[in-house]
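# Coordinates in review
Chain by chain, the residues:
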Amino acid sequence: MKEDILKNAADLFLRLGFKSVTMDDIAQQMAISKKTIYAHFSTKTKLVKATVEYLIKEIEQGISLLSAKKLNPIVESYEMKKYAMQMLKNEKSSPQFQLKKYYPEIYYPLRDKQFEIVQRIVIDNLERGITTGHYKGDIPISFVSRIYFVGMLGIKDKNLFPEDEYSNAKLMDYFLRYHLNSICTEKGLNTLDELIKSNKQKNEI
């Protein structure tokens, strides 16, 4: 039951926002009583914290499994993007910015954890890309990995990237291409072009 509550809470929080969703909304979606939720989470704040931790754990496990496959680094980047989009498919309410505003005590530890995960995965990807010749050998790895993290947070800002102009899918695609174009060698750019053409053909089928 506890995990079912977290899954349903995550779905609603991502779609409607951490501020808007009430315990009643979650109970109604699950067709259970509000008392059942309170038996596991005595306050909404505790539920929000547990839901965020649940999402981070799920994403980290999925990304770690992808990383363990040691794919072509450019292919891996697109697979990571695809996985993140699947996990956050219902994200429509700038949840991270709502967390920062209404639950800062949850947001800042979350950001630190995100930074830790992204640094580990991106640095591994960059180092392998340099070794395979897909990425330039002189890129400042630590700087690029940090800029990547800042960019991933920045594109979530709906004031800078209004939803009627930039869908989540478009933003993530633009950002990843921008990132890869800046670090790829000619070999990497050829791989990127082939991957983009292949993905385009799949979408047209």
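Calculation notes
- Residues numbered from 1 in each chain as written.
- Predicted model: local features only at pLDDT ≥ 70, side-chain atom pairs only at ≥ 80, totals over all residues.
- Heavy atoms only, no water.
- Core = buried A, V, L, I, M, F, W, Y, C linked by side-chain atoms within 4.5 Å.
- Buried < 20%, exposed > 50% of the residue type's maximum accessible area, 1.4 Å probe, protein only.
- Helix = DSSP H or I, 4+ residues; strand = E, 2+ residues; numbered from the N terminus.
- Contact = heavy atoms within 4.5 Å.
- UniProt positions renumbered as here; feature names shortened; annotations may be inferred.
- Polar contact = N/O pair within 3.5 Å; in protein donor to acceptor, adjacent residues only side chain to side chain.
- Expected span 1.5 Å × (residues − 1).
- 1 Å grid on protein atoms, 1.4 Å probe; cavity = no way out; pocket = protein on both sides within 12 Å on 5 of 7 lines; lining within 4 Å.
- Points joined across faces, edges and corners; volume = space filled by probe spheres on them.
- Nonpolar A, V, L, I, M, F, W, Y, C, P; charged D, E, K, R; others polar.
- Axes fitted to C-alpha atoms, helices over the stretch in contact; angles between N-to-C directions.
- Parallel < 35°, antiparallel > 145°, perpendicular 65-115°, else oblique.
- Left-handed = near helix turned anticlockwise from the far one by under 90°.

Taking an unreviewed UniProt entry as the reference, the protein is identified by name as TetR family transcriptional regulator belonging to Salegentibacter salinarum.

## Points about the nonpolar core
With 34 residues, the main nonpolar core has Phe13, Ile26, Leu47, Val48, Val52 and Leu99 as its most contacted residues. Contributing elements (two or more residues each) for this core: helix 1 (2-16), helix 2 (23-30), helix 4 (44-68), helix 5 (73-87) and helix 7 (104-132). When residues of this core are assigned to their parent elements, the largest contribution, 10 residues, is made by helix 4. The contacts of leucine 47, once residues within four sequence positions are left out, are Ile5, Leu6, Ala9, Phe13, Met23, Ile26, Ile37 and Phe41. If you look at the next biggest cluster of nonpolar residues, it comprises 20 residues, including Ala84, Leu171, Phe175 and Leu192.

## Notes on the UniProt feature "domain: HTH tetR-type" (unreviewed entry) in the protein
Here the UniProt-annotated "domain: HTH tetR-type" (unreviewed entry) positions come out as residues 1-59. Helix makes up 78% of residues 1-59 and strand makes up 0%, while its end C-alpha atoms are separated by 21 Å.

## Considerations on the side chain of glutamine 96
Tracing the backbone through its elements, the reader meets glutamine 96 in helix 6 (residues 95-102). Given a relative accessible area of 15%, glutamine 96 falls into the buried group. Within the local environment of glutamine 96, its side chain forms a polar contact with the side chain of glutamine 114, the two groups lying 3.4 Å apart. Here glutamine 96 is in contact with Tyr107, Gln114, Leu153 and Lys156, once residues within four sequence places are set aside.

## Regarding helix 7
Here helix 7 spans 41 Å end to end across 29 residues, near enough to the 42 Å set by a 1.5 Å rise per residue. Phi turns positive, to about 85°, at glycine 133, one or two residues after helix 7.

## Topic: the UniProt feature "DNA-binding region" (unreviewed entry) in the protein
In the numbering used here, UniProt assigns the "DNA-binding region" (unreviewed entry) feature to residues 22-41. The straight-line gap between the two end C-alpha atoms of residues 22-41 is 13 Å; of that span, 75% is helix and 0% is strand.

## With respect to empty space enclosed by the protein
Here the structure, examined in full by the defined rule, presents one cavity of 30 Å³ or more. Taken as a whole, the largest cavity spans an internal volume of roughly 30 Å³. In terms of lining residues, the largest cavity is bounded by Ile155, Lys156, Asn168, Leu171 and Met172. Grouping the amino acids of the lining of the largest cavity by side-chain chemistry returns three nonpolar, one polar and one charged.

## Observations regarding the layout of surface pockets
Where empty space is left can be seen by rolling a probe of water-molecule size over the atoms. One number sums up the size of the largest pocket: a volume of about 900 Å³. In terms of lining, the largest pocket is formed by 38 residues, of which the most central are Ile59, Ala84, Leu88, Gln114 and Met152. Where the lining of the largest pocket is concerned, the elements lending two or more residues are helix 4, helix 5, helix 6, helix 7, helix 8 (141-154) and helix 9 (168-183). Looking at which element gives the most residues to the lining of the largest pocket, the answer is helix 7, with seven residues. In terms of residue class, the lining of the largest pocket is built from 26 nonpolar, six polar and six charged.

## A closer look at the packing of helix 8 against helix 9
Look at helix 8 against helix 9: their axes get within 11 Å of each other, and the N-to-C directions meet at 165°. It follows that helix 8 is roughly antiparallel to helix 9 by the angle criterion. Here helix 8 runs over helix 9; the crossing is right-handed. Residues Val144, Tyr148, Gly151 and Met152 of helix 8 touch helix 9, and the partners they reach there are Met172, Phe175, His179 and Ile183. A per-class count over the contact of helix 8 with helix 9 returns six nonpolar, two polar and no charged.

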